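# Examination of the molecular architecture
Read off the chains here:
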Amino acid sequence: MKKRKIHFVTYTHWDREFRWEFERTRMRLVDCIDHLLEIMKEKPEYRSFLFDGQLTLIEDYLEIRPEKKEEIVALGKAGRLELGPWFTLADCAPIQGESVVRNILYGMRKSMEYGDVLKCGYNVFSFGQIGQLPQIYANFGIDTILFYKYMDPCKSKYHEFIWESPDGTKALASRLGKEARWNFFFAGHIPIVYDKDAWDKNWQYQWGDFGKVFHTADPEGYQWFYDILDPETSFHKENIKMGVERALKTVEGTAAPEVVLMFEGTDFTEPHPLTPEIIKEIQLQCGDEIEIIHSTLSDYINELKDVLKDREDLNLVKGPMRDGPVGSIHTDVFSIHPEIMIENSHAENKILRYAEPLSAISWIHGIEQYPITYLEKIWKLMFQSHAHDSMHGLGPKTLGEGEVARLKQASIIAQGLERRGLQNITKEIHTETVEDTEYFLAVHNPSSFNRSEVVEAYVDVPKEARLNYLVIEDMDGNPVQIQEVDRQETRAGLYHPRSRNMPFYSTKVHIYFMASHIPAVGYKTFKLKWTQKNEYPYPHEDWDAPRIPAETMLSGANQAENEYIRVKINRDGTVNITDKITGQTYENLNYFLDIGDKGNMWMYDCPGNDRIINSLGMPSKVGVTTHGPLAVKFEINFTMSLPREYDFLNQKRSDVEKDMPVNIRYTLKKGSRFLEVSTTINNTVKDHHFKVCFPTRLQAEKTWADGSFMVTEYPPNNGNGACTRGKVKNSM
C-alpha cells in the first residue's frame, strides 16, 4: 500500500487590527517576521512559510524594517515565502465587486515585486464567500480555491468539490476539514510541543506555565494580555504518534486521503524554530505509514489536482458559500457598525463612479497624465479597510473610529481627483462663440448610459447683479425648467496659483433644474442668466425675495406626487406610496422596530423576556422644507424612548429609559420612479438591535439578494435545518 503523503505547511493567520490596535499588532508582526528570517537563515531545511494569502503583512513589516527588503525578495524568488494573491483578506460580501477584483489585482502585482505570487484562491477567514469567486479567480490564472468558514456539508460528500460561478466557470475547491486551517496545530503541534490538549475543556493558563511572563498593572495597561517572555524551544517526542493520529482524523472525509494538507499555525503565531526537527521525528516514528515533508501550499495543490484530475464523483456546487447557522459565518456582524458600511459605500462610489472615470477621460484626451500614484494610495486605504475584521469594526474600541477615518481619507483623495478631472474637462469646453451670456453651468454624466433627471445645484451670481430670478437655457437658447429653493449673500474664496487669494462676493442660489439628455460618459453645457430686479417702487430694500413657483408637486397636506408615484406622510413619520401605473398602495413604510440584544460583536442573542418597541403611532413633527414643480422635501422628527441597556444581572432590558432622536428626510423629484429617503439616528442606548421596516405584504415564494456581479435566488426558509442541495439558483 502506498504511503500517505503529508504536506506540512507552516503559516500564520494575521488580523491587522483585531485583537490589538494596528500599531500594537504590527509590533508583534515585526517580531514574527524577524524570527522567521533568523530561522530561515540558520536552517535551509526550513522549507517555506505561507503569509496568510495577503501581501499586506510584508508591506506593513517593511515600513518598520525597510533594510530587510532585499532579504524578503531573495526568499520570495527562492519560493520560501508564499505571498498573495490578496492584498488583504477582504470580506467580499459587504463591498462592491470592483473592490474585490482590485484587491486581488493589487495583491498579485505587489507580490510579484517581492518574488512570486501564490496561485491559489486562499481566503481562510471571511464571513462567507461570494458566488462569483471562481470566475474572478480564473481571470487571474487561479483554478483552485481553499476557504473556510462554514459551507453546508450536505452540498458535498467530500471536503473537495467543484465550485461553479453563474457564468459556468468551474474551479476545484475545498472547504478544508472540520478543524480547517489549524488542523495540525491544535491536534498535533500543541501536545507535541507543550504536552497540553487544546481541545480539553479545562484548556487554560496555569500560573507558572511556560516560564517567566510579563503583564502591566498600571491603570492604563492592566487589561493587556500577559506575554511569555522566553518561549520554550523543545518538544515531547513521546507525543508524536498521538499528535499525528489526532491530526489525521481532522481530515477524514477528504476525496484525496493519499495526499493530505496539514497546517502548522493559527492566529498570530510565530514560526517554531524546531519545525524541521519535529518533521524529522514524525517521519522517524511514523514513516511506515506516512511520508511527511515541509512543503508549500503550491506543491500540495499541484499534487491534489493531479490526484483528482480523473475523479467523477466530486459534487458540483453553485452559489455563494454563506450557509447558516449564523454562528458559523457571523453574518450578524453586518449590522454592528453601520457607520463603517455607509462610509465605505460613499468612498467606493466616489472612486469608481467619479474619480476614476473623470481621470481616465482627461488622460485619454491628453489633458493630464493618469494619477496612478494617487489611485494606488486610495486603493491601499480601501483594501486595508476591507480586511474582514476591520470592515465590521471587530476589535478594540478605537477600530471603528480608525476605519471611518481611513475611509474618509480615501474619499477625500478621490474627491480631489474628481475635482481635478472636472477642471481638466472644463478647460476644454469652448464657449467663445456664445454672445448672450458669460456664465455657464456644465452637467457631467460619468455613467455608461444617457441620463435625464432633476439636478440639484448651488450657483453663485455676482453680488452687484440686481438679481430678480435665475434663467437657465441650453446652448440653443431653449429654456430649462428651474425651481429656486433659497438664496443668501455670501463670500466665496478665489484661489490664484500665482497671486494672493481674494474674496468673491456673491448671491448663492440653491436650485433644482431639469437636465435632459446628458450623454453617456459626457457632459452638457447650459447658459446661466438672470432677470434684473425691478427698481420701482422700493429700490432701498436690501433683500431679494425668492421667486415663489406657481406650480408645485404638493397635492395635499403632507402629500406629493409626480408622474409615477404618489406619497403621503403619516403622522408617525411613516409614508404611504402609491404606484400610479399599477394602482398598488404600500402603507406605513419606513417605521422602526427596536429589540434587545445580549449577544457579542459576532452574534445577535435575543433576550428571553424582551421588550419590543416600534415607532408606529408615535407622534412626530412633519414639515415641508422644499416644494415646487421639480422637487418636494419633507422633514420628520420624533423621539423614541428606549431601554438604556441590557441588565445582565436581572436578565432583562433596563427599566431606565433614554431618548433616541430620529430625523427622516423624504425627497420626491419630477420624473423619478422612487422616493429618496435619508435617515439620521443619534444612537444613545446600548445592547439593542434597531431595524427599519417596509411592510410590503408580499407573499413571496422566493427571495433574491444582490451580490458582487450577481443576483442570488434563495428558497424560503424551511425552518427544519434540512439539507438544501440543488435548491440554490444563480443568475446574472
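We now turn to the structure provided with this report. Everything numeric here is computed off the predicted structure, so don't read it as measured data.

## Notes on empty space enclosed by the protein
- Tallied over the entire structure, the rule returns five cavities of 30 Å³ or more.
- Around the largest cavity, the lining is made up of 14 residues, and of these E160, G177, V251, L261 and Y300 lie nearest the centre.
- Per-element accounting of the lining of the largest cavity gives the leading share, four residues, to strand β10 (residues 259-264).
- When grouped by side-chain class, the residues that make up the lining of the largest cavity number eight nonpolar, five polar and one charged.
- Estimated volume of the second largest cavity: approximately 50 Å³.
- Taken together, W14, D15, R16, E17, F18, Q54, L89, A387, H388, D389 and S390 form the lining of the second largest cavity.

## A few points about the packing of aromatic side chains
- Applying the stated criterion across every chain, the model contains 29 aromatic pairs.
- An angle of 20 degrees between the planes, with centres 6.4 Å apart, marks the rings of Y205 and F210 as stacked.
- On the basis of relative accessibility, which here comes to 34%, the residue Y205 falls in the partly exposed class.
- Residue F210 is classed as partly exposed on the basis of its relative accessible area of 28%.
- Arranged with centres 5.0 Å apart and planes meeting at 50 degrees, the rings of Y439 and W530 form a pair that is tilted. With a gap of 91 residues between them, Y439 in the loop between α14 (397-427) and β13 (440-445) and W530 in strand β19 (residues 522-532) connect regions that are remote in the sequence.

## Some remarks on helix α6 (residues 183-194)
- For α6, with 12 residues, the first-to-last C-alpha span of 16 Å sits near the 16 Å given by 1.5 Å per residue.
- In terms of burial, α6 is largely enclosed, as 10 of its 12 residues are buried.
- Those residues of α6 that sit buried are N183, F184, F185, A187, G188, H189, I190, P191, I192 and V193.
- The secondary structure elements touched by the buried residues of α6 are β1 (4-10), α7 (240-249), β10 and α8 (275-286).
- D195 lies just past α6 and shows a positive phi near 55 degrees.

## So, the side chain of Q132
- Among the structural elements, Q132 can be located in the loop between β4 (121-123) and α5 (133-138).
- Taking relative accessible area as the criterion, Q132 reaches 2% and is therefore assigned buried.
- Among the polar contacts listed, one links the side chain of Q132 to the side chain of Q135, at a separation of 2.2 Å.

## A closer look at the sheet that holds β10
- Strands sit in the order β10-β1-β11 across an open sheet of three strands; the sheet is parallel. Both outer strands of the open sheet, β10 and β11 (290-294), are each paired with one neighbouring strand and no more. Neighbour to neighbour, the strand axes of the sheet diverge by 25 degrees on average, direction disregarded.
- Looking at chain direction, β1 and β11 are connected through five bridges and run parallel.

## Focus on the pairing of strand β32 (residues 676-681)
- Relative to β32, strand β31 (residues 657-669) runs antiparallel, the two sharing six bridges. Directly across from V662, in β32, lies its bridge partner I681.
- The hairpin formed by β31 and β32 contains six residues between the paired strands, and G671 there has a positive phi angle of roughly 80 degrees.

## Some thoughts on the pattern of salt bridges
- Scanning all chains against the criterion turns up 45 salt bridges.
- The partner of R420 in a salt bridge is E368, and the shortest N-O contact between them spans 3.4 Å. On the criterion of sequence distance, the pair formed by R420 in helix α14 and E368 in the loop between α11 (338-364) and α12 (372-386) is long-range, its members being 52 residues apart.
- Salt-bridge contacts for E456 lead to K633; the nearest nitrogen and oxygen are separated by 4.0 Å. Here E456 is found in strand β14 (residues 451-462), whereas its partner K633 is found in strand β28 (residues 631-643), with 177 residues between them in sequence.
- Each member of the salt-bridge network shares a partner with another, and the members are E59, K110, E113 and K380.

## Focus on the nonpolar core
- Residues F51, I72, L81, W86 and I378 are the most contacted members of the largest nonpolar core, which totals 70 residues.
- The dominant element in this core, judged by the number of residues it contributes, is helix α1 (residues 22-42), at eight residues.
- By size, the runner-up hydrophobic cluster in this structure holds 33 residues, among which are Y122, V124, Y148 and I301.

## Side note on the packing of α1 against helix α2 (residues 56-64)
- Where α1 meets α2, the closest approach of the two axes is 9 Å, and the angle between their N-to-C directions is 90 degrees. Comparing the axis directions of α1 and α2 gives the class roughly perpendicular. The segment α1 lies against α2, with F22, R26, L29, V30, I33, D34 and L37 engaging L57, D60, Y61, E63 and I64.
- Partitioning the contact of α1 with α2 into residue classes produces eight nonpolar, no polar and four charged.

Cut-offs and rules
Residues numbered from 1 in each chain as written. Predicted model: local features only at pLDDT ≥ 70, side-chain atom pairs only at ≥ 80, totals over all residues. Heavy atoms only, no water. 1 Å grid on protein atoms, 1.4 Å probe; cavity = no way out; pocket = protein on both sides within 12 Å on 5 of 7 lines; lining within 4 Å. Points joined across faces, edges and corners; volume = space filled by probe spheres on them. Helix = DSSP H or I, 4+ residues; strand = E, 2+ residues; numbered from the N terminus. Nonpolar A, V, L, I, M, F, W, Y, C, P; charged D, E, K, R; others polar. Phe/Tyr/Trp six-rings, centres within 6.5 Å; stacked < 30°, edge-to-face > 60°. Buried < 20%, exposed > 50% of the residue type's maximum accessible area, 1.4 Å probe, protein only. Expected span 1.5 Å × (residues − 1). Contact = heavy atoms within 4.5 Å. Polar contact = N/O pair within 3.5 Å; in protein donor to acceptor, adjacent residues only side chain to side chain. Pairing = 2+ DSSP bridges. Axes fitted to C-alpha atoms, helices over the stretch in contact; angles between N-to-C directions. Salt bridge = Lys/Arg side-chain N within 4 Å of Asp/Glu carboxyl O. Core = buried A, V, L, I, M, F, W, Y, C linked by side-chain atoms within 4.5 Å. Parallel < 35°, antiparallel > 145°, perpendicular 65-115°, else oblique.

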